[in-house]
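Spelled out from the first residue to the last, the chains are:
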Amino acid sequence: MDFQYEKGADGPQKVWLVVVTLARQIHKDAAEELTELARSCGYDVQGITEAKREKPDPKTFLGSGKIEEVAQLARDSGSTILIFDVVLSPAQQRNIETTTKLAVLDRTSLILEIFRQRAKTKEGRLQVELARLTHLSTRLVRGWTHLERQRGGLSKTGGPGEKQIELDRRMIGVRIKALKEQLKKLEKQRNTQRKSRQRGQILTVALVGYTNAGKSTLFNRLTRGEVYAADQLFATLDPTARRCFVDENTEVVLSDTVGFIRGLPHQLIEAFKSTLDEAAQADLLLHVVDSSSPAREEQIAEVNKVLKEIGADKVSQLMVYNKIDKESNDPFLTFDDKERPKAVALSAVTGAGIDLLRQAIAKIANTEEEPEEEDDEDWLKEFEP
């Protein structure tokens, strides 16, 4: 089933969460992050089950016994949906639904639904629809609830059989092709705007980082803008670019991009490539990190993984350790051995350290580019007691 969040007569739908640790794949904030994802989607979280496995069960991921245990907990809590913090195969999802008699969402479906809710611009909505249809096209074998209504002349077959699935797959294929054509046109417009900025020889700076690291708040602080910002995952999806002065003589073009997350669905990366290209084409990336997160190093690695996938891993980065107010740390600006700004610690909310970030960007903008060198220094040592 292709689920969409709907608020019931008694409020948000109740859900039960399932976090699975496979072998040695330990994610420090897995339970907290899945809870925030579910709440960001509008669900009412009733509880969570954490399980460990050496490898997934091919039929139900967790095994029949554990699935029955989870189903009972969910039913007792009044939950109607199970949300798994893993990617389930179509067969696993179908088997779990059959066994538990509950609706099932995996991590990919949940993130896609959040993106569907949050996309506001035409391009954003087209990108999300493309990602959702691409994901759905691999799961048609499960059948859709709307097939009975659309069967029409095929009613002689007694049910929505193979021919109907083929028809739906073809309809999806046609829609995907149309979406790609529309996005290509929008990409051309974006490229034209980008070339216009580049002709002006203005440094282009893109904000990147894990979702909820504070990119939009920092963007507003630097540009004095009013981009929507909230303490939730994927608060903003649609890219925004603005010119701003970081000092009296230095103007830059600053772009805010979509936040990254562990296991960001490949379909979304593909669909949002034209938007993410803002990062690949930038002169400088401000890699914004939530310095208060216990999983910050893992989050940094996830962002760098996506940057490599979109071809932005060669762009110069300035690390920006945000939210220092949560740990009562002082702002700082660190330089490498060539006196190039390397890391800044600040609070986008309070404004502490913003002047240091402006100083760093201005210095980079007014310095000739030199080849980047490998640097393994741990900039997080500034936070150590």
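Whatever comes next refers back to the structure up there.
Fair warning: this is a prediction, and the values are worked out from it, not measured in the lab.

Novice: Please set out the overall build of the protein residue by residue, giving values where relevant.
Specialist: Counting its secondary structure elements, the protein contains 12 helices and 11 strands. The buried share of the protein, reckoned over its 385 residues, is 52%. Taking contacts inside the protein between residues at least 6 apart in sequence as the whole, the part at least 24 apart equals 71%. Roughly 19400 Å² of accessible area belongs to the protein as shown, and the carbon and sulfur atoms make up 47% of that amount.

Novice: If you had to explain helix H3 (residues 90–100) to someone new, which residues and values would you point to?
Specialist: For an α-helix, 3.6 residues make a turn, and residues three or four places apart therefore share a direction. Here H3 has its buried residues at Gln92, Gln93, Ile96, Glu97 and Thr100. Along the long axis of H3, the arc covered by the buried residues comes to 130°, so they all point the same way. In the core, the buried residues of H3 are packed alongside helix H2 (64–77), strand E3 (81–84) and strand E4 (103–105). Immediately beyond the C-terminal end of H3, within one or two residues, lies Lys101, with a positive phi of roughly 60°.

Novice: For unusual backbone geometry, give the residues involved together with the corresponding values.
Specialist: Unusually for a residue other than glycine, Lys323 sits at a positive phi of about 65°. Tracing the backbone shows Lys323 in the loop between strand E9 (316–322) and strand E10 (332–335). Given a relative accessible area of 11%, Lys323 falls into the buried group. A positive phi angle is found at Glu339, which is not glycine, with a value near 65°. Relative to the assigned elements, Glu339 resides in the loop between E10 and strand E11 (341–345). What makes Glu339 partly exposed here is its relative accessible area of 49%.

Novice: Before we move on, can you summarise the sheet that holds strand E1 (residues 14–22) with the specific residues and values?
Specialist: An order of E2-E1-E3-E4 is seen for the 4 strands of this open sheet, with the pairing classed as parallel. Looking at strand neighbours, the two that pair on one side only are strand E2 (44–53) and E4, the edges of this open sheet. With strand direction ignored, the average angle separating the axes of adjacent strands in the sheet is 20°. As paired strands, E3 and E4 are joined by 3 bridges and run parallel to one another. Paired with Ile81 across the two strands is Ala103, which belongs to E4.

Novice: An account of helix H11 (residues 296–309) is needed here, citing residue identities and associated values.
Specialist: Over its 14 residues, H11 extends 20 Å from the first C-alpha to the last, a length consistent with the 20 Å expected when each residue adds 1.5 Å. Every buried residue of H11 is listed here: Arg296, Gln299, Ile300, Glu302, Val303, Val306 and Leu307. Take H11 and look down its axis: the buried residues cluster within an arc of 160°, on one side only. Of the exposed residues in H11, those oriented more than 90 degrees away from the buried face are Glu297, Lys305 and Lys308. Contacts from the buried residues of H11 go to strand E5 (203–209), helix H9 (266–271), strand E8 (284–290) and E9. Following H11 by one or two positions, Gly311 adopts a phi angle in the positive range, close to 80°.

Novice: An account of the pairing of E9 is requested, with residue identities and associated values reported.
Specialist: Each regular strand shows side chains that alternate between the opposite faces of the sheet. Counting buried residues along E9, 5 of its 7 residues qualify, which places the element largely inside the surrounding structure. Strand direction decides the pairing type here: E8 and E9, joined by 7 bridges, are parallel. Residue Leu284 lies in a different strand from E9, and its bridge partner there is Ser316. One crossover worth recording links E8 to the parallel E9 by way of H11, and it is right-handed. Note that E9 and E11 share 3 bridges and pair parallel. Directly across from Met319, in E11, lies its bridge partner Ala343.

Novice: Would you mind going over the side chain of Thr35 in detail, with residue names and values included?
Specialist: Within the secondary structure, Thr35 sits in helix H1 (residues 30–40). A relative accessible area of 15% places Thr35 in the buried class. With residues near it in sequence (within four places) discarded, Thr35 still touches Leu17, Val45 and Ile48.

Novice: Give me the lowdown on the sheet that holds E11, citing residues and values where you can.
Specialist: Pairing is mixed in the open sheet, where 7 strands are placed in the order E6-E7-E5-E8-E9-E11-E10. Every other strand in the sheet has two partners, leaving strand E6 (240–245) and E10 as the edge strands with one partner each. Strand-to-strand twist of the sheet, defined as the mean angle between neighbouring strand axes without regard to direction, takes the value 25°. Both E10 and E11 contribute to a ladder of 4 bridges, which runs antiparallel. Looking at E11, one finds that Phe332 is bridged to Ala345. The strands that helix H8 (residues 215–223) touches are E5, E6, strand E7 (251–256), E8 and E9; relative to E7, the one it contacts most, it runs at about 155°. Sheet strands touched by H11: E5, E8 and E9. Its angle to E8, the strand with the most contacts, is close to 150°.

What counts and how
- Residues numbered from 1 in each chain as written.
- Predicted model: local features only at pLDDT ≥ 70, side-chain atom pairs only at ≥ 80, totals over all residues.
- Heavy atoms only, no water.
- Helix = DSSP H or I, 4+ residues; strand = E, 2+ residues; numbered from the N terminus.
- Buried < 20%, exposed > 50% of the residue type's maximum accessible area, 1.4 Å probe, protein only.
- Contact = heavy atoms within 4.5 Å.
- Areas by Shrake-Rupley, 256 points an atom, 1.4 Å probe, with all protein chains shown as cover.
- Arc of directions from axis to C-beta.
- Pairing = 2+ DSSP bridges.
- Axes fitted to C-alpha atoms, helices over the stretch in contact; angles between N-to-C directions.
- Expected span 1.5 Å × (residues − 1).
- Right-handed = clockwise from strand over helix to strand, strands pointing away.

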